[in-house]
Amino acid sequence: MSEPKVVAEKIHLEGVRILKSHFEVSEINNQSEIDSFSMGFKSEAGFNIQDNQHRFSLFVKIKGLDKKEEYMGVSGEYHIDFYYYIENLEDFIHWEEGKEGLENDENFSVSQVLGATIAGISYSTSRGIILDRTQATDFNGVLLPVINPNLLLTEDSFTDL
């Protein structure tokens, strides 16, 4: 069976909720300019297969660094939820052998292609939100790097920061 193709017009971003937008300057900040930043992230996903709904949660931590890449006492933390309606969601669901059916919601996986597409849309949108939210802070605007969206599905660098 071949992997279904993602059709952009069948993906509808229905809402965005910023659940956490926290910026902090600690006592160790020496008022020097931030030269760079380190970033950590993780994601979580939730599905309502029966209603073709998907929630993608993105968590981002940012720390300001000086020229020596030492922590400057400036940090930010964000939690943003994205709510999608995916017309053909069931095309991307892979049920465990012998456990098909909507009553067994924990017995499925989602196509990597759809996961990466949703992660990419969500992360790109988050880049703009975080840039806007950090413009008037000691960060002077954080432009998160472009990343491979598959990293959001496989890595958790959030706790490492």
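Located above this text is the structure these notes cover.
Calculation rules
Residues numbered from 1 in each chain as written. Predicted model: local features only at pLDDT ≥ 70, side-chain atom pairs only at ≥ 80, totals over all residues. Heavy atoms only, no water. Pairing = 2+ DSSP bridges. Helix = DSSP H or I, 4+ residues; strand = E, 2+ residues; numbered from the N terminus. Axes fitted to C-alpha atoms, helices over the stretch in contact; angles between N-to-C directions. Contact = heavy atoms within 4.5 Å. 1 Å grid on protein atoms, 1.4 Å probe; cavity = no way out; pocket = protein on both sides within 12 Å on 5 of 7 lines; lining within 4 Å. Points joined across faces, edges and corners; volume = space filled by probe spheres on them. Nonpolar A, V, L, I, M, F, W, Y, C, P; charged D, E, K, R; others polar. Salt bridge = Lys/Arg side-chain N within 4 Å of Asp/Glu carboxyl O. Buried < 20%, exposed > 50% of the residue type's maximum accessible area, 1.4 Å probe, protein only. Polar contact = N/O pair within 3.5 Å; in protein donor to acceptor, adjacent residues only side chain to side chain. Expected span 1.5 Å × (residues − 1).

A. The arrangement of the sheet that holds strand β3 (residues 53-65) in detail. Read across the sheet, four strands follow the order β1-β4-β3-β2 without closing on themselves; strand pairing throughout is antiparallel. The sheet is open, and its two borders are formed by β1 (11-25) and β2 (36-48), each paired with just one other strand. On average, each strand axis in the sheet is inclined to that of its neighbour by 15°, with strand direction left out of account. Inspection of the sheet shows β1 paired to strand β4 (residues 71-86) by 13 bridges, in the antiparallel sense. Among the inter-strand pairings, isoleucine 18 is bridged to a residue of β4, identified as isoleucine 80. Sheet strands touched by helix α1 (residues 112-134): β1, β2, β3 and β4. Its angle to β4, the strand with the most contacts, is close to 135°.

B. Local environment of the layout of surface pockets. Of the volumes computed, that of the largest pocket is approximately 210 Å³. Along its surface, the largest pocket is lined by Ala45, Gly46, Phe47, His54, Phe56, Val110, Ser111, Gln112, Leu114, Gly115, Ile118 and Leu153. Residue assignment for the lining of the largest pocket shows that the elements contributing at least two residues are β2, β3 and α1. The leading source of residues in the lining of the largest pocket is α1, at four residues. Looking at the lining of the largest pocket, its residues break down into seven nonpolar, five polar and no charged.

C. Examining the pairing of β2 more closely. Here β2 pairs with β3 via 13 bridges, running antiparallel. For glycine 40, the partnering residue across the bridge sits in β3 and is lysine 61. Where β2 hands over to β3, the hairpin turn is made up of four residues, of which asparagine 52 adopts a positive phi near 60°.

D. The pattern of salt bridges, seen in detail. The full count for this structure, using the stated rule, is one salt bridge. The salt bridge partner of lysine 20 is glutamate 77, with a shortest N-O separation of 3.2 Å. Of this pair, lysine 20 sits in strand β1 while glutamate 77 sits in strand β4; the two residues are 57 residues apart in sequence, bridging distant segments of the chain.

E. View of the side chain of asparagine 52. Structurally, the position occupied by asparagine 52 is in the loop between β2 and β3. What makes asparagine 52 buried here is its relative accessible area of 15%. There is a polar contact of 3.3 Å between the side chain of asparagine 52 and the backbone oxygen of glutamate 87. If near-sequence neighbours (up to four positions away) are discounted, asparagine 52 is found in contact with Tyr84, Tyr85, Ile86, Glu87, Leu89 and Glu90.

F. Expanded view of α1. Here α1 contains 23 residues, and its C-alpha end-to-end distance of 32 Å stays within 8% of the 33 Å for a straight helix at 1.5 Å per residue. Buried-residue contacts for α1 involve β1, β2, β3, β4, β6 (108-110) and α2 (150-154). Between the side-chain oxygen at the start of α1 and the backbone nitrogen of valine 113 there is a gap of 3.1 Å, and the oxygen is on serine 111.

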